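Descriptive analysis of the structure
One letter stands for each residue in the lines below.
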Amino acid sequence: MDSGTKLKMLRKQAGMTQQQVADRIGVTKSVISFYELKERCPSPDVLVKYAKIFHVTTDYLLGIEREQVVDVSGLGEDEIAAVKAVINAFKKIKKTEEISK
């Protein structure tokens, strides 16, 4: 997945508009559109802001790593355990699907 598509996907998953992202980053809505269309590349400072907003690493945004970070701050131990259990269940399903191909 290219960086523009990734930025758009993260924005939509967060339920944010281009204007909301622009306001948080300190650029115009059209600049966000340029990033998502790959007509411009975000500066390192902007990448860091994106990473903080969407709780991912800059390496993820740059395509260096595939892993995403799940922000569990504010959750209790039982809730964190439940989130981990759901993630592990999905991983198990995915692995089973890959084996059966």
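Presented here is a report on the structure given in the accompanying data block.

**Digging into the side chain of Glu36**
Mapping Glu36 onto the fold places it in helix H3 (residues 29-36). In contact with Glu36, not counting residues within four places along its chain, are Gly4, Thr5, Leu7, Lys8, Arg11 and Gln18.

**Observations regarding the pattern of salt bridges**
Counted by the stated rule, this structure contains one salt bridge. For the salt bridge of Arg11 with Glu36, the shortest nitrogen-to-oxygen distance reads 2.6 Å. In this pair, Arg11 sits in helix H1 (residues 3-13) while Glu36 sits in helix H3, placing the two residues 25 residues apart along the sequence. Relative accessible area serves as the criterion here: at 8%, Arg11 is assigned to the buried category. On the basis of relative accessible area, Glu36 is assigned to the buried category, the value being 9%.

Rules behind the numbers
- Residues numbered from 1 in each chain as written.
- Predicted model: local features only at pLDDT ≥ 70, side-chain atom pairs only at ≥ 80, totals over all residues.
- Heavy atoms only, no water.
- Helix = DSSP H or I, 4+ residues; strand = E, 2+ residues; numbered from the N terminus.
- Contact = heavy atoms within 4.5 Å.
- Salt bridge = Lys/Arg side-chain N within 4 Å of Asp/Glu carboxyl O.
- Buried < 20%, exposed > 50% of the residue type's maximum accessible area, 1.4 Å probe, protein only.

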